[in-house]
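Here is what each chain is made of, one letter per residue.
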Amino acid sequence: MQPACAAKIEATGIASEFLPPELPQTFEELKIPLTVVATDYRERCEAVYRTGPLRPAVAGSMAIPGVMRPVEFDGRLLIDGGAVNPLPFDLLRGDADIVVAIDITRLGESPPGVPDPMQTLFTASHIMTHAIVSEKLKHSAPDILLRPNVSAFGAFDFARAMPILKASEPIKDELKRKLAALLDA
């Protein structure tokens, strides 16, 4: 994908494609409480949503810089929550009996040769995200930490949702075992 194309991708459009139409319109209507993390671009801080309209918060949380336009919502300009909190398990402490985090920041193999500028930009972003998560885990950890092998996928693989989910299949048994161990303890 070229930089000129990136400005045309709307996070709200991507969210509309992937979120089912029967999904409630607000956080309050959800059967299971949800916390969505975005980054307030102007204030350079975390924007946490637990109430109000659901879809714009989700769209803002997935607006990857350089790929999608930021989302204007709730008086803020939102970008991907991973810019400030790529593994926000800490926000669930006190709200959940067991906190499960799924870390997809593991770094895959670098292809040989010199990458193009866009590859360099996204790999650098991934390195920073991984460093944030690694440092965060040194100070605190979720009850269960899962790391699916999704290294074959990149930031532009939105349309490959089914192969991504299939690649994550093996961790289902791991999650079941770890949950059972915690619940039996």
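Structure shown above.
Rules used throughout
Residues numbered from 1 in each chain as written. Predicted model: local features only at pLDDT ≥ 70, side-chain atom pairs only at ≥ 80, totals over all residues. Heavy atoms only, no water. Helix = DSSP H or I, 4+ residues; strand = E, 2+ residues; numbered from the N terminus. Rg over C-alpha atoms; globule rule 2.2 N^0.38 Å. Contact = heavy atoms within 4.5 Å. Phe/Tyr/Trp six-rings, centres within 6.5 Å; stacked < 30°, edge-to-face > 60°. Buried < 20%, exposed > 50% of the residue type's maximum accessible area, 1.4 Å probe, protein only. Lys NZ or Arg CZ within 6 Å of the ring centre and 35° of its normal. Salt bridge = Lys/Arg side-chain N within 4 Å of Asp/Glu carboxyl O. Pairing = 2+ DSSP bridges.

Draft legend 1. How the structure looks around the overall build of the chain. Along the chain, the regular secondary structure elements total six helices and six strands. Seen in sequence order, the chain has helices and strands lined up from the N terminus as α-α-β-β-α-β-β-β-α-β-α-α. Over its C-alpha atoms the chain spans a radius of gyration of 17 Å, differing by no more than 12% from the 16 Å that the globule rule assigns to 185 residues. Along the three orthogonal principal directions, the C-alpha set of the chain runs to about 55 × 45 × 30 Å. The contacts in the chain between residues at least 6 apart in sequence include a share of 66% that link residues at least 24 apart.

Draft legend 2. Representation of the packing of aromatic side chains. Evaluation of the coordinates by the stated rule reveals one aromatic pair. Residues Tyr-49 and Phe-73 carry aromatic rings whose centres are separated by 5.2 Å and whose planes lie at 45° to one another, so their mutual orientation is tilted. Here Tyr-49 is found in strand β2 (residues 45-49), whereas its partner Phe-73 is found in strand β3 (residues 71-73), with 24 residues between them in sequence. In this pair, the class of Tyr-49 matches that of Phe-73, namely buried. In this arrangement the basic side chain of Arg-44 is found over the ring face of Tyr-41, its NZ or CZ atom lying 5.5 Å from the centre. Between the NZ or CZ atom of Lys-136 and the centre of the ring of Phe-89, over which it lies, the distance is 4.8 Å.

Draft legend 3. Up close: the pattern of salt bridges. Throughout the structure, instances matching the rule amount to eight salt bridges. Linking Asp-90 and Lys-136 is a salt bridge whose minimum nitrogen-to-oxygen distance equals 2.5 Å. One end of the pair, Asp-90, is in the loop between β4 (76-80) and β5 (100-102); the other, Lys-136, is in helix α4 (residues 117-139), and 46 residues separate them in sequence. Residue class for Lys-136 comes out buried when judged on its relative accessible area of 18%. Close ionic contact of Arg-147 with Asp-103 constitutes a salt bridge, the shortest N to O distance being 2.9 Å.

Draft legend 4. Region of interest: the pairing of strand β1 (residues 36-40). Taken across its five residues, β1 has five buried, putting it largely inside the fold. Covered by surrounding structure in β1 are Val-36, Ala-38 and Asp-40 together with Val-37 and Thr-39, the residues of both alternating faces. Sheet topology places β1 next to β2; five bridges connect them, and they run antiparallel. Paired with Thr-39 across the bridge in β2 is Glu-46. In sequence, β1 turns back onto β2 through a hairpin of four residues, with Arg-44 there showing a positive phi of about 55°.

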